[in-house]
Amino acid sequence: MRRLILIALLGAVAQLVDGTLGMAYGVTASTALLITGITPAVASASVHLAEVGTTLASGLSHWRFGNVDWRVVALIGAPGAVGAFAGATFLSSLSTDSAALWVAGLLLLLGFYILVRFGTGKVRAVIEGRPAGKFLGPLGLVAGFIDATGGGGWGPVANSALLSSGKLAPRRAVGSVNAAEFMVSVAASIGFLFGLGKNNLPYGIVAALLIGGVLAAPLAAWLVSRLATRWLGVGVGLVLILTNARTLLNGLDVTTGPRFAVYAALVAGWAAIVTYGIRLANRRTSTATGTATVPARERELEPVA
């Protein structure tokens, strides 16, 4: 019973992270399950089954707080479901070490790009237009495939690409990706049930993750609707950098001492960029005269009252 309560609490924490930043539920929850001794395939299947409920609750909560673009949900979610089903049924047993390192390197670069962009306050000048279907379709397919075969990745891949495109406000990117993840989770779960068999899944653990995540989903949606655009982007950048740096360092067998030195350097660099961004914002405020009118396309970036 204590184990299930702990897993429920970890599920709630994972959902708060995912619902606020649009990523890392699978990584957080899977890591917790692996520590308890569950095999990777069963851990991934358990997380995806739990995500059927948590993503539904999260998507509805984001919709309630005005964070969802349903056009984006449809165009990215359907291909994502196809990719997730294919990955879960045909490719989950294959070694993905090399692919994981390549993806981690790509996401690390995107993390730096997003951090610099949001940390220096330059995001307002580029949010315009709408994400094209020819961009969202392949993105969903790749993100769904990586999510099912790599034990997570829907949020990092989809959100980082949407944010770096400069065509969707951060809170809508997070909300739309969370809503679309419901379709991805259903498809991946069906694939895992076919591949592993329904009798090999720990339904008590699935229920604990589900309960914790569902309870935390409304709070996460409320937080993301009120966080300042800049700090949401900065948070996403930091999560991408640290998470994927860890994957790369582990894959390259870097020892503990140098690994923590790299982490410290990355955090110091993140803090320097944030500090620079704050000083730049203060300088702009001090030199401004009167009250500037906010263009209509920039009002979308303001937190919802």
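Within each chain, residue numbers correspond to sequence positions counted from 1 in written order. For a predicted model such as this one, the threshold for reporting local features is a pLDDT of at least 70, and the threshold for listing and counting side-chain atom pairs is 80 or more; totals across whole chains, interfaces and linings nevertheless cover every residue. Note that the side-chain values use all heavy atoms of the structure and ignore hydrogens as well as water.

## Topic: the overall build of the protein
Applied cut-off: Runs of H or I in DSSP of at least four residues are treated as helices and runs of E of at least two as strands, each being numbered from the N terminus. When accessible area is computed with a 1.4 Å probe and restricted to protein chains, residues below 20% of their type maximum are described as buried, those above 50% as exposed, and intermediate ones as partly exposed. Any two residues whose heavy atoms approach within 4.5 Å at even a single point are treated as in contact.
Of regular secondary structure, the protein possesses 12 helices and zero strands. Relative to its 305 residues, the protein shows a buried fraction of 48%. Taking contacts inside the protein between residues at least 6 apart in sequence as the whole, the part at least 24 apart equals 85%.

## Comments concerning helix α8 (residues 170-196)
Quick reminder of the rule: In a helix, the anticipated span is given by 1.5 Å times the number of residues less one. A residue's bend is the angle separating two fitted axes: one through the seven residues that end there, the other through the seven that start there.
Between its terminal C-alpha atoms α8 stretches 37 Å, which fits the 39 Å expected from 27 residues at 1.5 Å a residue. Along its length, α8 shows its largest kink, about 25 degrees, at glutamate 181. Directly after α8, the chain includes glycine 197, whose backbone phi takes a positive value near 90 degrees.

## Remarks on unusual backbone geometry
For aspartate 253, which is not a glycine, the phi torsion comes out positive at approximately 60 degrees. Along the chain, aspartate 253 turns up in the loop between α10 (229-251) and α11 (256-287). Its relative accessible area of 65% is what places aspartate 253 among the exposed residues.

## Remarks on the side chain of aspartate 69
For aspartate 69, the position within the fold is in the loop between α3 (40-64) and α4 (70-91). Take aspartate 69: its relative accessible area is 15%, and that puts it in the buried class. If near-sequence neighbours (up to four positions away) are discounted, aspartate 69 is found in contact with Arg130, Leu168, Arg172 and Ser176.

## Here we look at the nonpolar core
Generally speaking, a soluble globular protein has its nonpolar side chains buried in company with each other. Note the cut-off: Nonpolar core, defined: a set of buried Ala, Val, Leu, Ile, Met, Phe, Trp, Tyr and Cys residues in which side-chain atoms within 4.5 Å join the residues together.
One finds Tyr25, Leu33, Ile76, Trp154, Leu162 and Leu209 to be the most contacted residues of the largest nonpolar core, which totals 57 residues. Top contributing element to this core by residue count: α8, with eight residues.

## A few points about the packing of helix α7 (residues 154-165) against α8
Two quantities define a packed helix pair, namely the angle between the axes and the distance from one axis to the other. This is how the line gets drawn: Fitted lines through C-alpha atoms give the axes, limited to the stretch in contact for helices. The angle between two N-to-C directions lies from 0 to 180 degrees. Two helices crossing with the near one rotated counterclockwise from the far one by less than a right angle form a left-handed crossing, whereas a clockwise rotation gives a right-handed crossing.
At their nearest, the axes of α7 and α8 sit 10 Å apart, and the two run at 145 degrees to each other. Between α7 and α8 lies a crossing of right-handed hand. Counted together, Trp154, Gly155, Ala158, Asn159, Leu162 and Leu163 of α7 and Pro170, Ala173, Val174, Val177, Ala180, Glu181 and Val184 of α8 form the full contact between these two elements.

## Considering the environment of alanine 74
Within the element layout of this structure, alanine 74 appears in helix α4. Taking the C-alpha atoms as reference, alanine 74 lies 9.3 Å from glycine 137; in sequence the two are 63 residues apart.

## A look at the environment of valine 82
Structurally, valine 82 can be placed in helix α4. For valine 82, a relative accessible area of 54% corresponds to the exposed category. A sequence separation of 105 residues divides valine 82 from alanine 187, and the C-alpha atoms of the two residues are 7.1 Å apart.

## Quick word on the confidence of the model for the protein
Here is the rule we go by: Confidence scores here are pLDDT values: one per residue, from the predictor, ranging 0 to 100.
With 77% of its residues at a pLDDT of 70 or more, the protein shows a mean pLDDT of 76. Mean pLDDT per element in the protein: helix α12 (residues 296-299) is the minimum at 42, and α4 is the maximum at 89. The low-confidence segment residues 291-305 (pLDDT under 50) makes 26 contacts with residues lying over four places distant or belonging to another chain.

## Quick word on a nonpolar patch on the surface
The condition is simple: The residues that make up patches have over 30% relative accessible area and no salt bridge, and they are joined within 9 Å when like-charged or within 5 Å when they are Val, Leu, Ile, Met, Phe, Trp or Tyr. Working definition of accessibility: Shrake-Rupley area with a 1.4 Å probe, residue cover restricted to the visible protein chains. Put simply, a salt bridge is a Lys or Arg side-chain nitrogen that is within 4 Å of an Asp or Glu carboxyl oxygen.
Residues Met1, Leu4, Ile5 and Leu9 make up a contiguous nonpolar surface patch of about 430 Å² in total accessible area. Within the element layout of this structure, leucine 4 appears in helix α1 (residues 2-21). With a relative accessible area of 33%, leucine 4 lands in the partly exposed category.

## Focus: the environment of glycine 175
Tracing the chain through its elements places glycine 175 in helix α8. On a C-alpha basis, the gap between glycine 175 and glycine 66 in space is 8.3 Å, while along the polypeptide they are 109 residues apart. Setting aside residues no more than four positions away along its own chain, glycine 175 makes contact with His62, Asn67 and Val68.

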